[in-house]
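Commentary on secondary and tertiary structure
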Amino acid sequence: MGRTLSALYFVLVAMLTVLVGWWNIAVHSANLPGSDAEREQVKALLRDLGPGIHDAVPGRMQSLFPEGAAFSYALYGLVNCNVAAWAEETERSHLYSEALFAAEQMKSEQVRGGFPALLPPGHGIFHAGWSALLNGRMLETFEEASSDPRAIAYFEEQCDTIAATFRRAPTAFPESYNDMAWPADGAVAMAALALHDRILGPRYEGEVDRWVFRVGATLTVDGGISHAWDPVHDRAQRSMRGSSMALMCVALAGVDSSFAHEQFTVFGQRFFAERMGVPMITEYPSGLSGAGDVDSGPLILGAGPVAMIVGAGACRVHGDAFHEHEMNSVIDAFGFPLGQEERRYLFGAMPIADLFIAWCRSMPTKVPYEATPPRFLRFHAWSALLLLLLWTPWVIGRIRSRTRSTALGQ
């Protein structure tokens, strides 16, 4: 019996050793932000995601959370737009076709039917914001779209209805569902208005300025934007969270650079952390804790996949290349990416995570990355200590067994 337990312990510790060894090697495998190698991996993600987006992925994601299908199509379309900015000319036609497919699906009853039909600006601010942002990016990226008067008119109509919704809303955050609002959804919709002004000329500057001013009056005591808002009583429902702060830091970069920088500073101060030498972005601010939910994903040591993945994107658009590389390194180590020509994370179990990764890593880098890559020395030290603690009982047991055998032999 003793030998059986010893053998079982040896097998378990050996497996853990391989896993820890993998993590310590893989944590150095992430490509430099904006590098050609990173771009090739984004293309590999797209090649793997494409067939699923045309098939069952949106429906499968919809079964897991209320915006699953809309997020799937919107992110897929945005990634194709981002990739077109640096892809070969021969690839652009296919990228446009895929982005257009995603935009058309956003209009479909299959997607819109998941949102209240009569809620301004039509199916709520979440659907309106992401749909308009995708259509605007297509106009900005592809000549096929920018030369189509119907595409331009449709985008302008979307932006007009979004602007009217913000003007009439009794709070800074219009509803995504009846009596439910999330500030991040409003930030994405406002990013669509700011995008309009960059590509088609100024029209919504006043709306943008008024919104930033209104949001400034709602900030938490730490200076951040709340996660969820009660539009009926115009008050915070849930304080700031890592997942939504990350997304808002990305969206706000195109809305108001000064306000975006302030929010990114708060984000870094309250959500950047380290656990056993592993840098991470927590879901709850430092000093607070809570459970994971549909917005954050499952939490491990306080960090969730959404905050980590989109947080890396926030670092990218704000020029914090070192922390972006740190977060991408952790994602690539613990996300078990597989494949070269076609790439997926977590064995393809959660395609929405792959979409967020592709979206964030396809964004343009603000500054070239020239700093020393993260060395993860504390993580390596903690790993060595863990392996020492795991192997010590087995080694001691073997020594004692040999000592007893020697004594009996004498």
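This next bit is on the pairing of strand β4 (residues 278-281). Side chains V278 and M280 project from β4 onto one buried face, and the interleaved P279 and I281 project onto a second face that is buried too. Hairpin connection from strand β3 (residues 272-275) to β4: two residues lie between these consecutive antiparallel strands, with M276 at a positive phi of about 50°.

Here the bond from P120 into P121 is cis, since omega is 0°, no more than 30 degrees from zero. Its location among the elements puts P121 in the loop between α6 (109-112) and α7 (124-141). Backbone geometry places M276, a non-glycine residue, at a positive phi of 50°. Classification of M276 by relative accessible area gives partly exposed; the value is 44%. Unlike most non-glycine residues, L301 shows phi in positive territory, near 55°. Of note, L301 is situated in the loop between β4 and α14 (305-317). With a relative accessible area of 53%, L301 lands in the exposed category.

Turning our attention to the pattern of salt bridges. Going through the model one piece at a time under the given rule, you end up with 21 salt bridges. Residue E274 is joined to R378 by a salt bridge in which the shortest nitrogen-to-oxygen separation is 2.8 Å. Taken together, the positions of E274 in strand β3 and R378 in helix α17 (residues 377-409) put the pair 104 residues apart, joining distant regions of the chain. Here R378 falls in the exposed class, since its relative accessible area comes to 54%. Residues participating in the shared-partner salt-bridge network are R238, R241, E283 and D293.

Further remarks concern the pairing of strand β2 (residues 235-238). Judged from the three bridges that link them, strand β1 (residues 228-230) and β2 form a sheet pairing that is antiparallel. Of the residues in β2, the one forming a bridge with D230 is R235. Where β1 hands over to β2, the hairpin turn is made up of four residues, of which D234 adopts a positive phi near 50°.

Further remarks concern the nonpolar core. Within soluble globular proteins, side chains that are nonpolar tend to cluster in buried spots. Membership of the largest hydrophobic core comes to 115 residues, with the highest contact counts inside it found for W130, W211 and W359. With 12 residues, helix α4 (residues 68-84) is the single largest residue contributor to this core. Ignoring sequence-local partners within four residues, the contact set of W359 consists of L75, L78, V79, N82, W130, L247 and V250.

Moving on, we get to the packing of aromatic side chains. Within this structure, the stated rule accounts for 25 aromatic pairs. Measuring from centroid to centroid gives 6.1 Å for F336 and F347, while their planes differ by 15°, and the two rings are stacked. Here F336 is found in the loop between α15 (321-334) and α16 (351-362), whereas its partner F347 is found in the loop between α15 and α16, with 11 residues between them in sequence. A residue is classified by how much of its surface remains accessible, and F336, at 22% relative accessible area, is partly exposed. The exposure class of F347 is exposed, given its relative accessible area of 55%.

Another point: the environment of A85. Within the fold, A85 resides in the loop between α4 and α5 (89-107). A relative accessible area of 63% places A85 in the exposed class. Along the chain, A85 and T141 lie 56 residues apart, while their C-alpha atoms are 6.8 Å from each other.

Attention now moves to the state of the cysteines. Considering all chains together, one arrives at zero disulfides under this definition. C315 takes part in no disulfide bond, and the closest cysteine sulfur to it belongs to C249, at a distance of 8.8 Å. Overall, C315 belongs to the buried group, its relative accessible area being 0%. Unpaired in this structure, C360 has its nearest cysteine sulfur neighbour in C315, at a distance of 10.0 Å.

Quick look at α4 now. Given a rise of 1.5 Å per residue, 17 residues ought to cover 24 Å, and the 24 Å separating the end C-alpha atoms of α4 matches this to within 8%. For α4, the tally of buried residues reaches 17 of 17 residues, placing the bulk of the element in the interior.

What follows concerns the side chain of N80. Within the secondary structure, N80 sits in helix α4. In contact with N80, not counting residues within four places along its chain, are L46, L95, E98, A99 and F142.

The rules behind these values
By convention here, each chain's residues receive numbers from 1 onward along its written sequence. For this predicted model, a pLDDT threshold of at least 70 governs which residues receive local features, and a threshold of 80 or more governs which side-chain atom pairs are given and counted, while totals over whole chains, interfaces and linings are taken from all residues. By convention in this description, side-chain values take in all heavy atoms of the structure and omit both hydrogens and water. Classification of residues uses two cut-offs on accessible area relative to the type maximum, computed with a 1.4 Å probe and protein chains only: under 20% is buried, over 50% is exposed, and between them is partly exposed. The helix count covers DSSP runs of H or I at least four residues long, the strand count covers runs of E at least two residues long, and both are numbered beginning at the N terminus. By the convention used here, strands pair only if DSSP detects at least 2 bridges between them. The working definition used for a salt bridge is a side-chain nitrogen of Lys or Arg within 4 Å of a carboxyl oxygen of Asp or Glu. Buried Ala, Val, Leu, Ile, Met, Phe, Trp, Tyr and Cys residues form a nonpolar core when they are joined through side-chain atoms within 4.5 Å. By definition, residues are in contact when any of their heavy atoms lie within 4.5 Å. Only centres within 6.5 Å qualify two rings of Phe, Tyr or Trp (six-membered ring in Trp) as a pair; their planes then separate them into stacked at under 30 degrees, edge-to-face at over 60, and tilted for everything else. Cysteine sulfurs are considered disulfide-paired once they come within 2.5 Å of each other. The length a helix should cover is 1.5 Å for every residue beyond the first.

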